[in-house]
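One letter stands for each residue in the lines below.
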Amino acid sequence: RWGSNSDAIRKAYEKADFELRKLKRPDFYGLLGVSPIASLMEIKKQYKIKAMEYHPDRWSSKDCTDKQRKEAEEKFKQLGEGLEILSDD
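Residues numbered from 1 in each chain as written. Predicted model: local features only at pLDDT ≥ 70, side-chain atom pairs only at ≥ 80, totals over all residues. Heavy atoms only, no water.

## Brief notes about helix α4 (residues 66–87)
Spacing of three or four residues puts side chains on the same side of an α-helix, whose turn is 3.6 residues. Between its terminal C-alpha atoms α4 stretches 31 Å, which fits the 32 Å expected from 22 residues at 1.5 Å a residue. All of the buried residues along α4 are A72, L79, G82, L83, L86 and S87. Taken around the axis of α4, the buried residues stretch over an arc of 100°, which confines them to a single face. What points out from α4, more than 90 degrees from its buried face, is the exposed set D66, K67, K70, K77 and E84. In the core, the buried residues of α4 are packed alongside α2 (28–32) and α3 (40–54). Of the residues trailing α4, D88 is marked for its positive phi of about 50°. (Helix = DSSP H or I, 4+ residues; strand = E, 2+ residues; numbered from the N terminus. Expected span 1.5 Å × (residues − 1). Buried < 20%, exposed > 50% of the residue type's maximum accessible area, 1.4 Å probe, protein only. Arc of directions from axis to C-beta. Contact = heavy atoms within 4.5 Å.)

As C-alpha cells, this is what we get:
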C-alpha cells in the first residue's frame, strides 16, 4: 500500500479519518436545542419537549405520510440516544 511506511502519512490519514467520523456523528445538543454548556436539568427538560413533538403516537394519524412517520420515528430514536449520551446517568 502506498505510503504505509511513512509515519507522517499514516498520522495524517488517521486524523482525516477521525475528522470524517466526527462529522458524521449527530449533533445531540443541536437536536435537543440546548447549548453545549446546558445543565442536566435543561437537557432533560428539552428532551421531554422534543420527545412529545416527535413521539410516534403523534404521527400515527391518517394526515401523516409514511415518510413523515419514518422521519419522526428516527428523530425520536436520536433524541433518546442523545439524552442517554449527554446525561451520563
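Next comes the rest of the account.
## Things to note about the nonpolar core
L32, V34, I43, Y47, L79 and L86 are the most contacted members of the largest nonpolar core, which totals 13 residues. Elements that contribute at least two residues to this core include exactly α2, α3 and α4. Ignoring sequence-local partners within four residues, the contact set of Y47 consists of L32, L79, G80 and L83. (Core = buried A, V, L, I, M, F, W, Y, C linked by side-chain atoms within 4.5 Å.)

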